[in-house]
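Residues per chain are reported as follows:
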Amino acid sequence: MSMLAGKKAFIFGVLNEYSIGWHIAEQLHNAGCQLGFSHLPGEKIERRVVKAVERFNPKVLAPCDVSKDEDIKAAFQQAGAAFGTFDILVHSLAFAPAESLHNPFLQTSRDAWKMALDISAYSLLSLAREAQPLMNPNGSIITMSYLGAEKYVPMYNVMAVAKAALECTVRYLAAELGRDEKHIRVNAISAGAIKTMAARGIGDIDKMMVHYTEKAPLPWNTDDAATHVGKTALYLCSELSSGVTGETLYVDGGYNIVGW
Ligand code: NAD
């Protein structure tokens, strides 16, 4: 399948082969897309990321802490130098201080709130702003959300607030960028629980996976879960979703539709 032949994607948020971003990369790569990656700075992380993405023959490997404007500018300069222009931006990253995910929500500090919303939600806006001049017409931006944005999920706490902000940011960016002459689309995927490094930080992931097994209409607690997300990302990054923007699409085996 070469649905994305001739297209180029810049992907933020691959840490290892378990990362949702990695599974998105796999689908885009299989569809013929050229890939570039950005990762948190640091030798150890870089080694891990290089190992995870080398099979995709990356054209860009740019260090970037998304809480730093100068890092973001440098990453897009690197992408511009390697790609010229590109078609797809993948934002698959989030962070909140550990204590804000373990303490009661009421105890969330101002600093934890600022950090979680800065890294997990504002970063989509700042990446989109740098990406827009480099993106080709009819390009696509996607980000990753979670049900906690809409419903109470134990211990998701300030990350839930960040995901609600992220989904709202998707709608506002979609309205502005869609009306712009390039007509860039912006969408979120709300993924079901998947065992990644970030998910382990939330805690009770094993209990959650059992709950998904019991409740989701489709099998979810399987090795294919992240692949399902990658396939929807491929749809959102391709011509097939040419009329879709500002949406949050659930890819969770139907978990979110079940009340009881
Ligand atoms: P992951 O740990 O593999 O990926 C998280 C990424 O965020 C890592 O690459 C990490 O380096 C990056 N990151 C954190 N702080 C950063 C910063 N300051 N600058 C740049 N990068 C930074 O975990 P994942 O589950 O693949 O997470 C990807 C996205 O999917 C996140 O937005 C997460 O909230 C979302 N999501 C995950 C699940 C799940 O159950 N795993 C469900 C729904 C949504």
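Shown above is the structure to which this text applies.
Residues numbered from 1 in each chain as written. Predicted model: local features only at pLDDT ≥ 70, side-chain atom pairs only at ≥ 80, totals over all residues. Heavy atoms only, no water.

For the rest of this paragraph, the subject is the pairing of strand S5 (residues 135–145). The buried fraction of S5 amounts to 8 of the 11 residues, a majority that puts the element mostly inside the structure. With 5 bridges joining them, strand S4 (residues 86–91) and S5 adopt parallel strand pairing. Directly across from leucine 89, in S5, lies its bridge partner isoleucine 141. Two strands pair when backbone bridges link them, and S5 and strand S6 (residues 185–191) are joined in this way by 6 bridges, in the parallel orientation. (Buried < 20%, exposed > 50% of the residue type's maximum accessible area, 1.4 Å probe, protein only. Helix = DSSP H or I, 4+ residues; strand = E, 2+ residues; numbered from the N terminus. Pairing = 2+ DSSP bridges.)

Take the side chain of threonine 143 next. With respect to the helices and strands, the residue threonine 143 is situated in strand S5. A polar atom in the side chain of threonine 143 sits 2.8 Å from the side chain of histidine 91. (Polar contact = N/O pair within 3.5 Å; in protein donor to acceptor, adjacent residues only side chain to side chain.)

What follows deals with the packing of helix H1 (residues 20–30) against helix H9 (residues 225–237). Axis separation between H1 and H9 bottoms out at 8 Å; the angle between their running directions is 55°. One way to sum up the angle between H1 and H9 is to call them oblique. Taken as a pair, H1 and H9 cross one another with a handedness that is right-handed. Side by side, H1 and H9 meet where Ile20, His23, Ile24, Gln27 and Leu28 of the first sit next to Ala226, Thr227, Val229, Gly230, Lys231, Ala233, Leu234 and Cys237 of the second. (Axes fitted to C-alpha atoms, helices over the stretch in contact; angles between N-to-C directions. Parallel < 35°, antiparallel > 145°, perpendicular 65-115°, else oblique. Left-handed = near helix turned anticlockwise from the far one by under 90°. Contact = heavy atoms within 4.5 Å.)

As a structural note, the neighbourhood of the ligand is formed by 26 residues, with Ser19, Ile20, Lys163, Ile194 and Thr196 the closest of them. In the model, an oxygen atom of the ligand is placed 2.8 Å from a nitrogen or oxygen of the isoleucine 20 main chain. Computed on the free molecule, the ligand has an accessible area of 820 Å², of which 92% lies beneath the protein chains in the complex. Judged by the proximity of its atoms to the pocket grid, the ligand belongs to the largest pocket. When residues in the shell around the ligand are grouped by element, the largest group, 3 residues, is from helix H7 (residues 197–202). Broken down by class, the residue content of the shell around the ligand amounts to 18 nonpolar, 6 polar and 2 charged. (Near = heavy atom within 4 Å. Areas by Shrake-Rupley, 256 points an atom, 1.4 Å probe, with all protein chains shown as cover. 1 Å grid on protein atoms, 1.4 Å probe; cavity = no way out; pocket = protein on both sides within 12 Å on 5 of 7 lines; lining within 4 Å. Sits in = over half its atoms within 2 Å of the grid points. Nonpolar A, V, L, I, M, F, W, Y, C, P; charged D, E, K, R; others polar.)

As a further point, take the pairing of S6. Counting buried positions over the 7 residues of S6 gives 7, a clear majority of the element. Going residue by residue along S6, you find Arg185, Asn187, Ile189 and Ala191 tucked away on one face and Val186, Ala188 and Ser190 tucked away on the opposite face as well. Following the backbone out of S5, through helix H6 (residues 157–179) and into the adjacent parallel S6, one traces a crossover that is right-handed. Alignment of S6 against strand S7 (residues 248–251), held across 4 bridges, turns out to be parallel. Residue pairing in the sheet places isoleucine 189 in a bridge with leucine 249 of S7. (Right-handed = clockwise from strand over helix to strand, strands pointing away.)

On to the packing of aromatic side chains, then. Counted according to the given criterion, the structure contains 10 aromatic pairs. Seen in terms of ring centroids, tryptophan 22 and phenylalanine 56 are 5.4 Å apart; in terms of plane orientation they differ by 50°. Their pairing is tilted. Residue tryptophan 22 is located in helix H1, and its partner phenylalanine 56 is located in the loop between helix H2 (43–53) and strand S3 (60–63); the two are separated by 34 residues in the primary sequence. Across the pair, exposure class does not vary: tryptophan 22 and phenylalanine 56 are buried alike. Aromatic side chains phenylalanine 76 and phenylalanine 86 sit 6.3 Å apart centroid to centroid with 25° between the ring planes, which places their arrangement in the stacked category. With a gap of 10 residues between them, phenylalanine 76 in helix H3 (residues 69–83) and phenylalanine 86 in strand S4 connect regions that are remote in the sequence. The exposure class of phenylalanine 76 is buried, given its relative accessible area of 3%. Taken together, the ring pairs connect Phe10, Phe12, Phe76, Phe83 and Phe86 into an aromatic cluster. (Phe/Tyr/Trp six-rings, centres within 6.5 Å; stacked < 30°, edge-to-face > 60°.)

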